[in-house]
Amino acid sequence: MAAPSTHSKILILDFGSQYTQVIARRIRECQVYSEIIRFDRPAAEIAALKPNGIILSGGPASVYDKGAPQIDPKIFSFGIPVLGICYGLMLMAHHLGGQVVFTGRREYGPGMLRIRNGSELFEGLGNQLDVWNSHGDEVTALPEGFRVVGSTEGCDFAAVEDRQRKLYGLQFHPEVAHTPRGREILQNFVYHICHCAMDWTMGSFIEEACARVRKQVGDQKVVLGLSGDQLTCIFVNNGLLRAREEEIVQRVFGENFHVRLKYVDASDRFLTLLKDVTDPETKRKLIGNEFIEVFQHATEELLEEDRRNGDRKHGGYKFLAQGTLYPDVIESVSIQGNPAQVIKSHHNVGGLPEKMHFELVEPVRQLFKDEVRQAGLQLGLPKEVVYRQPFPGPGLAVRILGEVTPERLGILREADTIVQSEMEAADWYYKVWQSFAVLLPVQSVGVMGDQRTYENTVVLRIVESQDGMTADWVRLPYELLARISSRISNEVKGVNRVCYDISSKPPSTIEWE
């Protein structure tokens, strides 16, 4: 996602923090373009990108650890404002002659920042701020030229600066919601210190994304896993869809988009492949590989149709367009090589085969779901498309723990249909991020009609989130929960117990697999 040279730009060097993407969001909320890049990018390359400012993210390592992510220290001499957050501050101190040690006083959780010496970072924020800490190491001696501009009970150097060299450091995390006025700190850095203009909007992103795709694709043909003469949409029914999904998708595309849509029913292929498979990562990999096999076969059929018709002479479908989002990338692979841990592979990120004859086109790869929705609204897409709840690429396979069978798929589809219908009837569907059912490989004793039963357990997973990176369980009205539970137990044959998942993300993920 490149910004034209005329745009203000903040570069974020990622050291593996779970909050890096949150920093990027906070900057974009300022209507300033932000880009996450590798932590070890050479200083000359960083300077060539002409950023207005640089932010060094936090991270789980210690600066003295063997193999700890380091930085090209030349960036500190460019005269470009640099803000180090947590690990970023420690790296700054370490490379510029300060001292970083493990003090034994791990500071995690809320704290009170006492502000002094009039830093531009805290302009208009008063003398005290609630902040959120998460660190074990600590700066104990500042490099020459630095001064303290804020401290907490557990840290004397919680906020520091060298105003002459435009270097700033925070031991706490201003990007998280637990630092209530952290957004204002970042705004002060972006506007007052980096002198950025509010010149990046979703409209400008759409223009730039379209220009990038045109440059990448040229006059070649593109297939999209579910518009223009160059685009053909392929909708693969992998047998793992929700109830009536194949009908709904074809209807929505038929009524709203004037594009060529090829429907492929590959249900039997996928279900045969998943027989006796229980490991979630194996499921994802198998589905991802088979998905591409089906796509490649479908494009061969399309090419043959085109040649028979004689009106679409071309050399084949070279590009596969996907709706990969940033949370998929963060959880599945290290974005541009950062040291973040892989949580799970997504079929459209880490689950694709290494060798395939498509080149990927991923226009929204570095956007969050809510940002994609903003783009969709600007493009005039229908509400049922824009506000549709996220659904995993591997489908119900990752909502069925254990083996995926036609019988278990039938149970889950019925339960999930009830969840969706009740959420919509109660006007809750569009108020939450996701609402769905999960089928566990657990049976328990129950009583129905005075008879003993020994049947399946369904879990309800209903969460609220902004971007899918963090989430909290929704406090649904008891009456609605009771109605969903009662309907599932009474209407879905094979289920006698319904539970409600009250786990947040982290530590849990939204999907169960």
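From a predicted model like this one, the values you see are computed outputs, not experimental measurements.

1. Concerning the packing of helix α12 (residues 406-425) against helix α13 (residues 478-491)
Right, so step 1: Across the interface, α12 lies against α13 with an axial gap of 10 Å and an inter-helix angle of 150°. Here α12 lies roughly antiparallel to α13, going by the angle between them. Between α12 and α13 lies a crossing whose hand is right-handed. For the pair α12 and α13, the contacting residues are Glu414, Ala415, Ile418, Val419, Ser421, Glu422 and Met423 in the first and Leu480, Arg483, Ile484, Arg487, Ile488 and Glu491 in the second.

2. Thoughts on the environment of Arg461
Right, so step 1: Within the element layout of this structure, Arg461 appears in strand β16 (residues 451-464).
Right, so step 2: Each C-alpha atom of the pair Arg461 and Ser503 lies 9.0 Å from the other, and the pair is 42 residues apart in sequence.
Right, so step 3: Residue contacts for Arg461: discarding those within four places in its chain leaves Gln434, Ser435, Phe436, Asp501, Ser503, Ser508, Thr509, Ile510 and Trp512.
Right, so step 4: A polar side-chain atom of Arg461 sits 2.6 Å from the main-chain carbonyl oxygen of Ser503.

3. Describing the packing of aromatic side chains
Right, so step 1: Here the structure, examined in full by the defined rule, presents 10 aromatic pairs.
Right, so step 2: For the ring pair Tyr168 and Phe189, a centre distance of 6.4 Å and an interplane angle of 75° mean the geometry is edge-to-face. Taken together, the residues Tyr168 in strand β9 (residues 167-170) and Phe189 in helix α4 (residues 182-193) connect sequence positions 21 residues apart.
Right, so step 3: For Tyr168, a relative accessible area of 2% corresponds to the buried category.
Right, so step 4: When the ring of Phe235 is compared with that of Tyr263, the centres are 5.7 Å apart and the planes differ by 45°; the resulting orientation is tilted. Taken as a pair, Phe235 in strand β11 (residues 231-237) and Tyr263 in strand β12 (residues 260-265) lie far apart in primary sequence, 28 residues in all.
Right, so step 5: Taking relative accessible area as the criterion, Tyr263 reaches 31% and is therefore assigned partly exposed.
Right, so step 6: Of the aromatic side chains, those joined through ring pairs into one cluster are Phe15, Phe39 and Tyr87.
Right, so step 7: One Lys or Arg, Lys431, reaches over the ring of Trp428 and ends 5.1 Å from the middle of that ring.

4. As for the packing of helix α5 (residues 202-217) against helix α10 (residues 369-378)
Right, so step 1: With their axes 10 Å apart at the nearest point, α5 and α10 run at an angle of 85° to one another. The pairing of α5 with α10 is recorded here as roughly perpendicular in orientation. Along its contact with α5, which presents Met202, Gly203 and Ile206, the element α10 presents Glu371, Gln374, Ala375 and Gln378.
Right, so step 2: Among the residues forming the contact of α5 with α10, the class breakdown is three nonpolar, three polar and one charged.

5. A word on the pairing of strand β7 (residues 147-152)
Right, so step 1: With five of six residues buried, β7 is to be regarded as a mostly interior element.
Right, so step 2: Relative to strand β8 (residues 155-162), β7 is paired through four bridges, and the arrangement is antiparallel. Paired with Thr152 across the strands is Cys155, a residue of β8.
Right, so step 3: Linking β7 back to β8 in an antiparallel pair, the connection comprises two residues.

6. So, helix α8 (residues 280-309)
Right, so step 1: Helix length check: α8 (30 residues) gives 43 Å between terminal C-alpha atoms against 44 Å at 1.5 Å per residue, within 8%.
Right, so step 2: The backbone nitrogen of Glu281 has a side-chain oxygen 3.3 Å away, supplied by the residue at the start of α8, namely Asp279.

7. Concerning a nonpolar patch on the surface
Right, so step 1: Where nonpolar side chains cluster on the molecular surface, the patch consists of Leu377, Tyr387 and Tyr430 and spans about 290 Å² of accessible area.
Right, so step 2: Within the secondary structure, Tyr387 is located in the loop between α11 (383-386) and α12.
Right, so step 3: Take Tyr387: its relative accessible area is 33%, and that puts it in the partly exposed class.

8. So, the pairing of β9
Right, so step 1: Alternating residues of β9 divide into Leu167 and Gly169 and Tyr168 and Leu170, and every residue in both groups is buried.
Right, so step 2: Bridge analysis of β8 against β9 gives four bridges, and the strand direction is antiparallel. Bridge pairing in β9 places Asp162 opposite Leu167.
Right, so step 3: Linking β8 to β9, which pair antiparallel, is a turn of four residues; within it Lys166 sits at a positive phi near 60°.

9. Things to note about the side chain of Asp416
Right, so step 1: Relative to the elements of secondary structure, Asp416 occurs in helix α12.
Right, so step 2: Despite its burial, Asp416 pairs with no opposite charge, the nearest such side chain being Arg399 at 4.4 Å.
Right, so step 3: Excluding its chain neighbours within four sequence positions, the residues that come into contact with Asp416 are Arg242, Arg399, Phe436 and Ala437.

10. Thoughts on the confidence of the model for the protein
Right, so step 1: Within the protein, residue pLDDT values average 86, and 89% of them lie at 70 or more.
Right, so step 2: Note on residues 333-339: pLDDT is under 50 here. Beyond four places in sequence and across chains, it has 22 contacts.

11. Comments concerning unusual backbone geometry
Right, so step 1: Despite not being glycine, Gln31 shows a phi value in the positive range, around 60°.
Right, so step 2: Mapping Gln31 onto the fold places it in the loop between α1 (20-29) and β2 (33-38).
Right, so step 3: A positive phi is found at Arg244, a non-glycine position, where the angle reads about 60°.
Right, so step 4: Here Arg244 lies in the loop between β11 and α6 (245-256).

12. Looking at the pattern of salt bridges
Right, so step 1: A complete count under the given rule lists 25 salt bridges for this structure.
Right, so step 2: As a salt-bridge pair, Arg388 and Glu245 come within 2.1 Å of each other at their nearest N and O atoms. On the criterion of sequence distance, the pair formed by Arg388 in the loop between α11 and α12 and Glu245 in helix α6 is long-range, its members being 143 residues apart.
Right, so step 3: With relative accessibility at 28%, the residue Arg388 sits in the partly exposed group.
Right, so step 4: Residue Glu245 is classed as buried on the basis of its relative accessible area of 7%.
Right, so step 5: The closest approach of N and O atoms between Asp501 and Arg461, which form a salt bridge, is 3.4 Å. With Asp501 in the segment after β18 (495-500) and Arg461 in strand β16, the pair connects residues that are 40 residues apart, well separated along the chain.
Right, so step 6: For Arg461, a relative accessible area of 0% puts it in the buried group.

13. Comments concerning the environment of Glu184
Right, so step 1: As for its position among the elements, Glu184 is in helix α4.
Right, so step 2: For Glu184, the side chain forms a polar contact with the side chain of Arg181, separated by 2.9 Å.

Calculation notes
Residues numbered from 1 in each chain as written. Predicted model: local features only at pLDDT ≥ 70, side-chain atom pairs only at ≥ 80, totals over all residues. Heavy atoms only, no water. Axes fitted to C-alpha atoms, helices over the stretch in contact; angles between N-to-C directions. Helix = DSSP H or I, 4+ residues; strand = E, 2+ residues; numbered from the N terminus. Parallel < 35°, antiparallel > 145°, perpendicular 65-115°, else oblique. Left-handed = near helix turned anticlockwise from the far one by under 90°. Contact = heavy atoms within 4.5 Å. Polar contact = N/O pair within 3.5 Å; in protein donor to acceptor, adjacent residues only side chain to side chain. Phe/Tyr/Trp six-rings, centres within 6.5 Å; stacked < 30°, edge-to-face > 60°. Buried < 20%, exposed > 50% of the residue type's maximum accessible area, 1.4 Å probe, protein only. Lys NZ or Arg CZ within 6 Å of the ring centre and 35° of its normal. Nonpolar A, V, L, I, M, F, W, Y, C, P; charged D, E, K, R; others polar. Pairing = 2+ DSSP bridges. Expected span 1.5 Å × (residues − 1). Patch = residues over 30% accessible without salt bridge, like charges linked within 9 Å, V, L, I, M, F, W, Y side chains within 5 Å. Areas by Shrake-Rupley, 256 points an atom, 1.4 Å probe, with all protein chains shown as cover. Salt bridge = Lys/Arg side-chain N within 4 Å of Asp/Glu carboxyl O. Lys, Arg positive; Asp, Glu negative; His and termini not counted. pLDDT = per-residue confidence, 0-100.

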